Every structure is written in C-alpha cells, then in structure tokens.
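# Results of the structural survey
Chain by chain, the residues:
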Amino acid sequence: MIPVTKPFLPPKEEYDLYLEGIWKRNWLTNMGPLASQLEMELKSHLKLPHLLFVTNGTVAIQMAIKALEITGEIITTPFSFIATTSTIVWEGCTPVFVDIDPKSLCIDPKKIEEAITENTQAILATHVYGNPCDVNAIEAIAKKHNLKVIYDAAHAFGVELNGKSIFEYGDISTCSLHATKLYHTIEGGLLATKDPDLLKRLASIRNFGISGYDSFSDLGINGKNSEFHAAMGLANLKYINQIHEKRKALSDLYDEKLKTLKAVKPLWHSKATENYPYYPIVLESEELLLKLKKEMDSQEIFTRRYFYPSLASALPYLPKLELPITEDISKRSLCLPFYYDLTFEEVEFIARLMLRIQNN
C-alpha cells in the first residue's frame, strides 16, 4: 500500500532526549522552555522578526481575524482546505468567494476588486500548494480600499518570495504544522506579522487575553501548544534541509516520468522558491482523473482530490455559488503520493501505472 502522504519522523532517540527534559522539569504546556526555544529557532530559520507558535493552523486564522477586529465580509478563495472558509464563518464574518487564476490556482486579483462592497473588511487568500499568490496586486487593492490582508500559508513553510519569507506579506500570515505537512509538530500552527503591536495582541489572545497576573487586555482563547509538540518541532527542524532535498528529487522524478501524461502542474510564481509540499496535477478531464483514481485505488496506491469539491458550492451552511474556473479545476485536480519515505522506485512504478491506465 502506498498512501498519499506519510508524516516525517526523526530518530526516536532524538525525540526521547527532549522527553527526558520534559519529565525532569514537569512543565508540559503554557509556553514552556521547548515551545519558547522552537519559536526562536523558527524565527532564525525563516528570517522573521516576529512569530508565534500556536495550537494549529485553524486556530491561527481565527486569532488573526479576531486580532484585526474583522466583523464583516472577507473576500476569499473557494479552492482551499475547508478551514480557510469555516474560520471566517466561525468568527461571525461572511465569506465572499471569487474565482481563481487557472494557471497558479490561487485567488485571481482581477476578480477581487469586483467583489468589494461597503461591507468588505479583509482579503483572506491561500498560497495554494505553497505557491504564492500575486501579493503585489493584492496589496495594491487592499491599500486602495483600506482592507486587511490575511494569508493562509498553511502549505508555504520555507517559501521565499523576492528574497524574503512568504510569511512577511500581508497584515498576518498563518501556517499549519500538522503532521501531514512537510515540516510538522504533530499538531501546530504559526502566526507571523511585522507589526510588533499586533504581535503583542496576538500573544495575549493566545493566552485567554491575559495581560498580567490579575489583568486582561483582550477577548482570548487557549491557542497555546504543548512541550511534546514543540519537542517534535525541534527534532524535525534539524532535518528540514534533508527533507527539502528529498522532496525536490521526488518531484523532479515525477516530472520526468510523467511527461506524456495528459496533465499540467500549477504554474509556480516566477520570483518564489519552491518547497515541494505536494505533487499536484490538473488532468485533461475529470473522466481521466476518475479512471486513474479508480484503477490506482484498486491497487492500493492512494491519491487525493485536493481540493474537491469547490468550497463555494459544497458547504451546507453557505449559499451555493458556482464559479466556473474553480468548478472546472477542482474536478480535474489530483495530488499524487508524496512524502519523505516514498522511494524513487515507487515513483517510477506509480508513473508507469498511470501512463498505462491513461493509454488503455
């Protein structure tokens, strides 16, 4: 059986060393020394001035919306994981979907301005599969209309755009450190902002809004993470370059072996580095996708229709809206098996099988 993804795990003895320290200190959560150390090491690795380690990527978006005091309409993408939209609704705001660019698969800036109303307060855009949005166009629109910008950078760990971290763009960027991500802390997330006052508010929100021993400054939530998760993050961070190199090699091999597959890959931002979080393809037709998926599933080679269906037309708590490009792309998008432990032989086998299915 070949799964679509599998978490990277460091050598167990290295994780155990962190656990010994946790047992000695008996400090399990509430921003212990390992969580604080992880924040410092991630700031250094990502070259960021400010960063917060939180419970997960979903809570990170909720905290971002709360900290920016957004209460109205948020323009967003229908081609993303459900958390991008559900957090908007959860926070009592209204998601306004606009269509995506057919090549990058990110939100189409040209469609954003058309959707702005007197109730629009923010843009929440996803760097799809880690591929950066057109941040310059989005920033220009936001400045023109006095809107806040949140980037869901769940897939974009390590990506740089114009020589700086993708997390530096927007008012706040969020990231997921879930076990399925290329870098993970089992469960976890990040918040990044260049604004020190906003960071201070986010830090307060993360800890119930507590501002002192017996004082409160904000409506808060328990957005903290544990020492056990931080330990995994510290252990994994040592291997991030090795992980990147292996995933790049796997991606390159897929590229070579699938040259004749009737599919294209999303067009990556020309000024951004790649981090290889997934191996997504857009098939020529949904018919071909279903044919491939059915035959591969039968041989226990598992793929994922990521993202399908369109969030604009599938959620029971929102009115249904059909956006033609998103509807089309979501029906033809497929993520192939892709993870650190995947072997080159397995990639070659998957590619041969896909081409045989296509040509039969």
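These remarks concern the structure in this document. Predicted model, so just to flag it, every value in this text is computed and none were measured.

### Topic: the overall build of the chain
On a plain count of helices and strands, the chain comes out with 13 helices and 14 strands. For 360 residues, the compact-globule formula gives about 21 Å, and the C-alpha radius of gyration of the chain, at 21 Å, lands near that figure. Projected onto its principal axes, the C-alpha coordinates of the chain cover approximately 70 × 55 × 40 Å. Among the 360 residues that make up the chain, the fraction classed as buried is 56%. A separation threshold of at least 6 residues defines the contact pool for the chain, and within that pool the share at least 24 residues apart is 70%. Of the accessible surface of the chain, which amounts to about 16,200 Å², a share of 54% is contributed by carbon and sulfur atoms. Counting 39 positive and 45 negative side-chain charges, the chain places the centres of these two groups 2 Å from one another.

### Observations concerning a nonpolar patch on the surface
On the surface, a cluster of nonpolar side chains totalling about 270 Å² of accessible area is made up of Phe81, Ile82 and Tyr317. Within the secondary structure layout, phenylalanine 81 lies in the loop between strand E2 (73–76) and helix H4 (82–90).

### A closer look at the packing of aromatic side chains
In this structure the tally under the stated criterion is 13 aromatic pairs. On the basis of an interplanar angle of 65 degrees and a centroid distance of 6.1 Å, the ring pair of tyrosine 129 and tyrosine 278 is categorised as edge-to-face. Here the residue tyrosine 129 occupies a position in the loop between strand E4 (120–126) and helix H6 (135–145), and tyrosine 278 occupies one in the loop between strand E12 (263–264) and strand E13 (280–283), the gap between them amounting to 149 residues. In this pair, the class of tyrosine 129 matches that of tyrosine 278, namely buried. Relative to phenylalanine 307, the ring of tyrosine 306 has its centre 4.0 Å away and its plane inclined at 40 degrees; by these criteria the two rings are tilted. There is no split in this pair, since tyrosine 306 and phenylalanine 307 are both buried. Members of the aromatic cluster, joined through ring pairs, are Phe79, Tyr129, Tyr278, Tyr306 and Phe307. Sitting above the plane of the tyrosine 169 ring, lysine 164 keeps its charged end 4.8 Å from the centroid.

### Quick word on the state of the cysteines
Using the criterion set out here, one finds zero disulfides in the structure. Just so you know, cysteine 93 is unpaired, no disulfide at all, and the nearest cysteine sulfur is the one on cysteine 133, 19 Å from it. The thiol of cysteine 175 is not disulfide-bonded; the next cysteine sulfur, from cysteine 133, is found 14 Å away. Here cysteine 175 falls in the buried class, since its relative accessible area comes to 1%.

### Overview of the environment of isoleucine 301
Along the chain, the position of isoleucine 301 falls in the loop between helix H10 (286–298) and helix H11 (311–314). On the basis of relative accessibility, which here comes to 2%, the residue isoleucine 301 falls in the buried class. Expressed as a C-alpha distance, the spacing of isoleucine 301 and isoleucine 350, which sit 49 residues apart in the sequence, is 7.8 Å. Among residues more than four places away in sequence, those in contact with isoleucine 301 are Ile2, Met296, Pro337, Phe349, Ile350 and Leu353.

### A closer look at unusual backbone geometry
Here the residue pair tyrosine 306 and phenylalanine 307 is connected by a cis peptide bond, since its omega of 20 degrees sits within 30 degrees of zero. If you trace the backbone, phenylalanine 307 turns up in the loop between H10 and H11. The phi dihedral of asparagine 162 is positive, around 55 degrees, even though this residue is not glycine. Phi at phenylalanine 208 takes a positive value of approximately 65 degrees, unusual for a residue other than glycine. Position of phenylalanine 208 relative to the elements: it lies in the loop between helix H7 (196–206) and strand E10 (210–212). Under the relative-accessibility criterion, phenylalanine 208 is labelled partly exposed at 41%.

Rules and cut-offs
- Residues numbered from 1 in each chain as written.
- Predicted model: local features only at pLDDT ≥ 70, side-chain atom pairs only at ≥ 80, totals over all residues.
- Heavy atoms only, no water.
- Helix = DSSP H or I, 4+ residues; strand = E, 2+ residues; numbered from the N terminus.
- Rg over C-alpha atoms; globule rule 2.2 N^0.38 Å.
- Buried < 20%, exposed > 50% of the residue type's maximum accessible area, 1.4 Å probe, protein only.
- Contact = heavy atoms within 4.5 Å.
- Areas by Shrake-Rupley, 256 points an atom, 1.4 Å probe, with all protein chains shown as cover.
- Lys, Arg positive; Asp, Glu negative; His and termini not counted.
- Charge placed at Lys NZ, Arg CZ, Asp CG, Glu CD.
- Patch = residues over 30% accessible without salt bridge, like charges linked within 9 Å, V, L, I, M, F, W, Y side chains within 5 Å.
- Salt bridge = Lys/Arg side-chain N within 4 Å of Asp/Glu carboxyl O.
- Phe/Tyr/Trp six-rings, centres within 6.5 Å; stacked < 30°, edge-to-face > 60°.
- Lys NZ or Arg CZ within 6 Å of the ring centre and 35° of its normal.
- Disulfide = S-S within 2.5 Å.

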